[in-house]
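# Breakdown of the fold
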Amino acid sequence: MIDSMADSGEKTEHALSVLMRLLVSLVLPAWGIVMLVLGLMYGAGWWIGTGVVVGLIGAVMFVGSPVIDLVTGRR
């Protein structure tokens, strides 16, 4: 019974770890989108350009993240 509880705790810890890494890897692309929207709303070229660059870098990092491999089942 104790081994079962330990296995359950490890699985929960692993699931929370994967979820946190996934959420953190979404922050950069989300911030890029926010900057792009702000730039479009206020007509600020700096925010538009920066938003595009940050969004693209965030998208590349998100797609290349090992967490995505865990979610999609790719190895």
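Criteria and thresholds
Residues numbered from 1 in each chain as written. Predicted model: local features only at pLDDT ≥ 70, side-chain atom pairs only at ≥ 80, totals over all residues. Heavy atoms only, no water. Helix = DSSP H or I, 4+ residues; strand = E, 2+ residues; numbered from the N terminus. Buried < 20%, exposed > 50% of the residue type's maximum accessible area, 1.4 Å probe, protein only. Contact = heavy atoms within 4.5 Å.

## What about the overall build of the chain?
- A tally of regular secondary structure across the chain gives three helices and zero strands.
- Secondary structure elements in the chain, listed N-terminal to C-terminal, are α-α-α.
- When each of the 75 residues of the chain is scored for burial, the buried share is 17%.
- Sequence separation of at least 24 residues holds for 45% of the intrachain contacts in the chain that already meet a minimum separation of 6.

## Some thoughts on the environment of V63
- Mapped onto the fold, V63 is located in helix α2 (residues 45-63).
- Separated by 38 residues in the primary sequence, V63 and S25 have C-alpha atoms spaced 9.2 Å apart.

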